[in-house]
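Chain by chain, the residues run as shown.
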Amino acid sequence: MQKQDIKTQYMLDDSQSADGGQRIDTMTINMGPQHPSTHGVLRLILTIEGETVVKAVPDIGFLHTGIEKTAEAKTYHQALVLTDRMDYLAPLCNNLGYSLAVEKLLGIEDEINDKIRYVRVMLAELQRLASHLVWLGTHALDLGAQSVFLYCFREREMILDVFEDLSGVRMMTSYICPGGLQAELTPTFEKKVRAFTSIFPDRLQEYHNLLTNNQLWIERTRGVSVLKAEDAIAYGTSGPVLRGSGVVWDTRKAFPYSGYEQFDFDIPVGTNGDVYDRYLVRMLEMEQSLRIVNQALEGIPPGPYRVQDPKIAPPPKWQITGRMEALIHHFKLYTEGYRPPKGEVFVRTESPKGELGFYIVSDGTAKPYRMHVRAPSFANLEALPRMIEGSLLSDVVAAIGSIDIVLGEVDR
Amino acid sequence: MAITAVSTVTTIREKFPQAVVETDDFRGEQTIVLNPASLVALCTYLLKNLRYTYLSSVTAVDWLERVPRYDVVYHLLSIPNQSELRLKVRIGQRNEDHPFVPTVTGIWPTANWFEREVYDLFGILFTGHPDLRRILMPMDWTTHPLRKDYPLSGFDLPEPHWGGQVPYDVDPGVGSQTLRTPFSRELNESRSKISQNQEPGTEKRK
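Computed from a predicted structure; not experimentally measured.

Caption draft 1: Broad picture of the overall build of chain B. Helix and strand content of chain B: four helices and seven strands. Reading the helices (α) and strands (β) of chain B from amino to carboxyl end gives α-β-β-α-β-β-β-β-α-β-α. Here chain B holds 206 residues, and the buried ones make up 37% of them. Counting contacts in chain B only where the partners sit at least 6 residues apart, residues at least 24 apart contribute 47% of the total.

Caption draft 2: Spotlight on the sheet that holds strand β1 (residues 20-26) of chain B. Residues and elements named next belong to chain B. Strands sit in the order β1-β2-β5-β4-β3 across an open sheet of five strands; the sheet is mixed. Of all strands in the sheet, those bounded by a partner on one side alone are β1 and β3 (54-62). Within the sheet, the average angular offset between the axes of one strand and its neighbour, ignoring direction, is 20°. Note that β3 and strand β4 (residues 70-78) share eight bridges and pair antiparallel. Residue pairing for β4: Leu 55 is matched across the bridge by Leu 76.

Caption draft 3: Here's a closer look at the interface of chain A and chain B. Of the residues lining the interface, 36 residues belong to chain A; the matching set on chain B comes to 30 residues. Elements supplying a minimum of two residues to the side of chain A that touches chain B: α1 (3-10), α2 (67-71), α9 (229-234), β6 (343-351), β7 (354-362), β8 (370-374) and α15 (376-382) of chain A. Its residues assigned to classes, the side of chain A that touches chain B shows 17 nonpolar, nine polar and ten charged.

Caption draft 4: Here's a closer look at the environment of Tyr151(A). Residues and elements named next belong to chain A. Relative to the helices and strands, Tyr 151 is located in helix α6 (residues 147-167). Taking the number of C-beta atoms within 10 Å as the measure of exposure, Tyr 151 has 17 and is therefore partly exposed. Excluding residues within four positions of it along the chain, Tyr 151 makes contact with Glu 206 and Tyr 207.

Caption draft 5: Just the sheet that holds strand β2 (residues 43-49) of chain A, in detail. Residue and element names in this part refer to chain A. The antiparallel open sheet is built from three strands, whose spatial order is β1-β2-β3. Edge strands, defined here as strands with exactly one partner in the open sheet, are β1 (26-31) and β3 (52-59). Ignoring which end each strand starts from, the neighbouring axes of this sheet average 20° apart. Relative to β3, β2 runs antiparallel, the two being bridged by seven bridges. By the bridge assignment, Arg 43 is partnered in β3 with Asp 59.

Caption draft 6: Focus on helix α7 (residues 189-211) of chain A. All names here are of chain A. Helix length check: α7, at 23 residues, gives a terminal C-alpha distance of 32 Å against a target of 33 Å (1.5 Å per residue), a fit within 8%. Listed in full, the buried residues belonging to α7 are Phe 189, Val 193, Phe 196, Phe 200, Tyr 207 and Leu 211. In the core, the buried residues of α7 are packed alongside α5 (114-142), α6, α8 (215-221) and α12 (275-298).

Caption draft 7: Up close: the domain arrangement of chain A. Residue and element names in this part refer to chain A. Entries for chain A in the domain assignment read domain 1 (3-59) and domain 2 (67-307 + 339-411). Listed per partner, the contact involves 15 residues of domain 1 and 18 residues of domain 2. Every element with two or more residues in the side of domain 1 that touches domain 2 is listed here: β2 and β3. Of the residues forming the side of domain 1 that touches domain 2, the biggest block, six residues, is contributed by β3. Tallied by class, the residues present in the side of domain 1 that touches domain 2 amount to eight nonpolar, five polar and two charged.

Calculation notes
Residues numbered from 1 in each chain as written. Chains lettered and ligands numbered in written order. Predicted model: local features only at pLDDT ≥ 70, side-chain atom pairs only at ≥ 80, totals over all residues. Helix = DSSP H or I, 4+ residues; strand = E, 2+ residues; numbered from the N terminus. Buried ≥ 20, exposed ≤ 12 C-beta atoms within 10 Å, placed from the backbone. Contact = placed C-beta atoms within 7 Å. Pairing = 2+ DSSP bridges. Axes fitted to C-alpha atoms, helices over the stretch in contact; angles between N-to-C directions. Nonpolar A, V, L, I, M, F, W, Y, C, P; charged D, E, K, R; others polar. Expected span 1.5 Å × (residues − 1). Domains from an automatic or database assignment.

Here it is in structure tokens:
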């Protein structure tokens, strides 16, 4: 890398600009990794002319922790906890994607019974609600509507209570694992979920009352950072960003996984591809998620919470003191781990941010040879310069909030 | 006739017989292994004729013991046809440290960042890429961490300066990853001492 190249790309210096310094009224400013509105450690190098952004260069990598490299050194069960930490606002959705990929690799997809499927769907949709609540709260906060923030977090606390009840952990639960769920459903969790679902429709209406027809909100978001449908597909965006631009695509409908085909829900799609459409898509998605949670709650069938195969799922603890096979299976699973056959899989799921894909290559040993995560925020962020070049500086904040990035996922 | 993944593989086999090295079907997923030279032509055909408009990801796998060393893997999705496909290209001959692959940024603009990530973490160069520079690692990093011969916890750093600036009275050694200023190589070059655990490829700044 030439020193010159680094300077023009990263340094805040206009004297080396391509046009020889003719545009004397551009200024290159840094929206640094520490910024309340970048939703994480995102650095944007903006070249502005007055208030208009002429060029935007995102600089990422501040949260790169080498998850993909670390996963190569862990067994499949150990690598599960790494997946929680990527999109840290929707850990259960990451777990679900990873578990589906490993189950496909192992070839035990048919052994995942309906109870596991229903519970996974219900938890994934609750997680989607939690993630969208954080998005709504922080996005509104960035644009000035500060009261929405704590209302959203108040509702999210109820969802985190459900997760804590089931797994003991509020956020990084790792509750969905390859083979099923980590533990049996507790007797109190249904009451907690119902407590949430009974009050949430009214709360959602409250948020609509505050923002959806609010003139200030509309002026701040309508027509801002438009991303056309062809650009959205070409730049590989997914999730509400893609749907906000008018493309009807949802992995839950196109390639249904974990029993989604048995649930009745709609996909909201926008028309203009502006911030307001993406906002509305996510609000309506919250409604649909609530619908799925209610359906799942009505009909969770009885059954074991984990695959019964002792070569994959460890036996219950009480058997270990009495039976030799249980002890040996427990030992082998926790020291060596299960060994999927050689091969590779790519499983896509619809996480709250978009299309989350897990590409796992197995070489027959107990550790994944390569785990690549197709992070939706990575591709969505790539489309950001396209969205904000030409718009005002204050619209940059609206745009970043509307694509709902999580830097843990972008950088891994 | 509806285009499915299986029919795509058959069509590609007919249209580009010399480009396809092998095809695979594992757990219902179709993979086509191609020659690197015909990558762009085949991808343009997939985009224009078979409507694989969406590139999900570009990534790579390092098979250390094998020649060719790397697999560059492309995951495609066709939104109109609801079908998915995987393309693979095997590159990296025996003494080639930075193998070349043509870029697909002209076909799917989203490949820009994905290919930058593959360059950053594996060292695979994409010819024709508009802006090939590091994306996740610091800009002055010299090696490629996701390669199989790169240790998990990195190379030794001079104690106790893991991260952050090295104090002025301590020789950081050439190749220390602790210095974060972009022109740090010049500062280190002038010191004659070379660290024992020097990171490979850091002797001279290009």
